[in-house]
Protein chains: 2
Amino acid sequence: MKNRLKVMRAERDWSQQDLAEQLGVSRQSVNAIETGKYDPSLPLAFRIADVFELPIEEIFLRDEA
Amino acid sequence: MKNRLKVMRAERDWSQQDLAEQLGVSRQSVNAIETGKYDPSLPLAFRIADVFELPIEEIFLRDEA
DNA sequence: AATTTATGTAAAGGAAGCTAGACATGGAGC
DNA sequence: GCTCCATGTCTAGCTTCCTTTACATAAATT
């Protein structure tokens, strides 16, 4: 499951730390999600969607294939 | 995090077992999600959305408050 | 009455998500 | 040079998600 977090964060000029604080998670979690180590939980995915004001489907992308 | 799984499943007249097989998870997982024991992972939420052909946001609802 | 189906629940174990703490690197600015 | 930042990574530990196995109940069927 890929995501557009890094790009969307860059568009807003937020650091991983900035985003982590808005989401209420650790900087390491944001980093791990961005670098593809794991996917966020569903509740966290909703918070991410809220922060970026976008539907989940526009942030997280089904794996091709 | 609430969800409309039970109703949507009833609308289609699927058993928990039917849905579990379509999703590739155990019947207990479907039951646990429906009865609110826990939320699905993000990848599973996407599969659920695919099976019901609805956006995630129309199936899973942010907790009010 | 006996069987089948659907649902709910529980326990134990493995896999995935998340934490705090620490360390390394590269870039920007003194 | 040194010092911040921002990012990436690692570890140990805890919580959440998901599994198999199993048991209980109610409803429908035979």
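In this text the structure is predicted, and so the values were computed from the model without any measurement.

Moving on: the overall build of chain A. When helices and strands are counted, chain A shows 4 helices and 2 strands. Counted from the first residue to the last, chain A has its helices and strands arranged as β-α-α-α-α-β. Relative to a compact globule of 65 residues, whose C-alpha radius of gyration would be 11 Å, chain A shows 11 Å and is just as compact. When the backbone C-alpha atoms are referred to their principal axes, chain A occupies close to 35 × 25 × 20 Å. Buried residues in chain A amount to 35% of all 65 residues. Restricting to contacts in chain A with at least 6 residues of sequence separation, those with at least 24 account for 51%. For chain A, the exposed surface amounts to about 3700 Å²; the carbon and sulfur share of it is 47%. The averaged location of the 12 negative side-chain charges in chain A is 5 Å from the averaged location of its 9 positive side-chain charges.

What follows concerns the UniProt feature "domain: HTH cro/C1-type" (unreviewed entry) in chain A. When the UniProt feature table is mapped to this numbering, "domain: HTH cro/C1-type" (unreviewed entry) covers residues 5–59 of chain A. Here residues 5–59 of chain A is 62% helix and 0% strand, with 7 Å between the C-alpha atoms at its ends.

What follows concerns the interface of chain B and chain A. If you look at the interface, chain B gives 13 residues, while chain A gives 13 residues. Carbon and sulfur atoms make up 68% of the surface buried where chain B meets chain A, a total of about 1200 Å² over both sides. The largest share of the area that chain B buries against chain A comes from L42, F46 and R62 of chain B, three residues that together contribute 47% of it. In this assembly, chain B and chain A are joined by 2 salt bridges. The partner of D50 of chain A in a salt bridge is R62 of chain B, and the shortest N-O contact between them spans 2.8 Å. At the junction of chain B and chain A, the tally comes to 4 residue pairs in polar contact (both at pLDDT 80 or more). Taken together, the elements giving at least two residues each to the side of chain B that touches chain A come down to α4 (42–52) and α5 (56–59) of chain B.

Counting 35 residues, the largest nonpolar core has L42 and I56 of chain A together with I56 and F60 of chain B as its most contacted members. In contact with F60 of chain B, other than residues within four places in its own chain, are L42 and F46 of chain A together with M1, K2, N3, P40, A45 and I48 of chain B.

The next thing to look at is the protein's contact with DNA strand D. Close to DNA strand D lie 19 residues; Q16 of chain A together with S26, Q28, S29 and Y38 of chain B are nearest. By atom count, sugar and phosphate contribute 58% of the portion of DNA strand D lying within 4 Å of the protein. At 2.9 Å, a side-chain N or O of K6 of chain A approaches a phosphate oxygen of DNA strand D. Here Q16 of chain A contributes a side-chain N or O atom positioned 2.5 Å from a phosphate oxygen of DNA strand D. For the surface near DNA strand D, the elements supplying multiple residues, two or more each, are α1 (5–11) and α3 (27–34) of chain A together with α3 (27–34) of chain B. Residues that form the surface near DNA strand D fall into these classes: 4 nonpolar, 9 polar and 6 charged.

A positive phi angle, close to 55 degrees, is found at D13 of chain A, a residue other than glycine. Here D13 of chain A shows up in the loop between α1 and α2 (16–23).

Reading the values: rules and limits
Residues numbered from 1 in each chain as written. Chains lettered and ligands numbered in written order. Predicted model: local features only at pLDDT ≥ 70, side-chain atom pairs only at ≥ 80, totals over all residues. Heavy atoms only, no water. Helix = DSSP H or I, 4+ residues; strand = E, 2+ residues; numbered from the N terminus. Rg over C-alpha atoms; globule rule 2.2 N^0.38 Å. Buried < 20%, exposed > 50% of the residue type's maximum accessible area, 1.4 Å probe, protein only. Contact = heavy atoms within 4.5 Å. Areas by Shrake-Rupley, 256 points an atom, 1.4 Å probe, with all protein chains shown as cover. Lys, Arg positive; Asp, Glu negative; His and termini not counted. Charge placed at Lys NZ, Arg CZ, Asp CG, Glu CD. UniProt positions renumbered as here; feature names shortened; annotations may be inferred. Buried area = accessible area lost by both parts, 1.4 Å probe. Salt bridge = Lys/Arg side-chain N within 4 Å of Asp/Glu carboxyl O. Polar contact = N/O pair within 3.5 Å; in protein donor to acceptor, adjacent residues only side chain to side chain. Core = buried A, V, L, I, M, F, W, Y, C linked by side-chain atoms within 4.5 Å. Near = heavy atom within 4 Å. Nonpolar A, V, L, I, M, F, W, Y, C, P; charged D, E, K, R; others polar.

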